[in-house]
Amino acid sequence: MPRGILFKESSGFERDNFLHEQYLVVRDGETRILLSGCAHNGMLSILDAFRDKYDAAPDVVISGFHLMKKTEYSKEEIQEITDIGNELKKYSTHIITCHCTGETAYEIMKPIMGEQLQYVHCGEEVNWRNDKYRH
């Protein structure tokens, strides 16, 4: 049986291709904001698609990263999270992550990304104006 998020077909369970997922781009003046729920396709893949479409990176991303687990992370999973943080660090994008990233994955990426990465909890307000990103 395939691993990961599955959907049921007449032939059995298949791995979800996430073609049904949507992402929202909002412009606030010259600021491009990319909104995603739970980045099942992977934030790096989503940023690649954004760059292909707009020939630039977004200024702000607000999204979960779908990295949270109920069990401990393996060494390989920790390395993958570290690699994601290192790749995201290459963008000039300010990233505000939430819910399905999980605080453990956030704590792994935060030392790599510094102020570029923020975590927002349910009910908090995000303000990206005045060239200062805060929540």
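Read on for a plain summary of the structure.

How each quantity is defined
Residues numbered from 1 in each chain as written. Predicted model: local features only at pLDDT ≥ 70, side-chain atom pairs only at ≥ 80, totals over all residues. Heavy atoms only, no water. Axes fitted to C-alpha atoms, helices over the stretch in contact; angles between N-to-C directions. Helix = DSSP H or I, 4+ residues; strand = E, 2+ residues; numbered from the N terminus. Parallel < 35°, antiparallel > 145°, perpendicular 65-115°, else oblique. Left-handed = near helix turned anticlockwise from the far one by under 90°. Contact = heavy atoms within 4.5 Å. Nonpolar A, V, L, I, M, F, W, Y, C, P; charged D, E, K, R; others polar. Core = buried A, V, L, I, M, F, W, Y, C linked by side-chain atoms within 4.5 Å. Buried < 20%, exposed > 50% of the residue type's maximum accessible area, 1.4 Å probe, protein only.

## Some words on the packing of helix α1 (residues 43-54) against helix α2 (residues 75-89)
Between α1 and α2, the shortest axis-to-axis distance is 10 Å and the interhelical angle comes to 25°. Overall, the two elements α1 and α2 adopt an arrangement that is roughly parallel. α1 and α2 meet at a crossing whose hand is left-handed. Across the interface between the two elements, M43, L44 and L47 from α1 touch I84, E87 and L88 from α2. Taken together, the residues of the contact of α1 with α2 sort by class into five nonpolar, no polar and one charged.

## Section: the nonpolar core
Nonpolar side chains tend toward joint burial in soluble globular proteins. If you look at the biggest cluster of nonpolar residues, it comprises 23 residues, and the most contacted ones within it are M43, F65, L88 and M109. Only α1, α2, α3 (103-113) and β7 (117-119) provide two or more residues apiece to this core. With five residues, the top contributor of residues to this core is α3. Excluding residues that lie within four positions of it along the chain, L88 makes contacts with M43, L44, L47, F65, I95, M109, M113 and Q116. With six residues, the next largest nonpolar core counts I33, V60, I96 and C98 among its residues.

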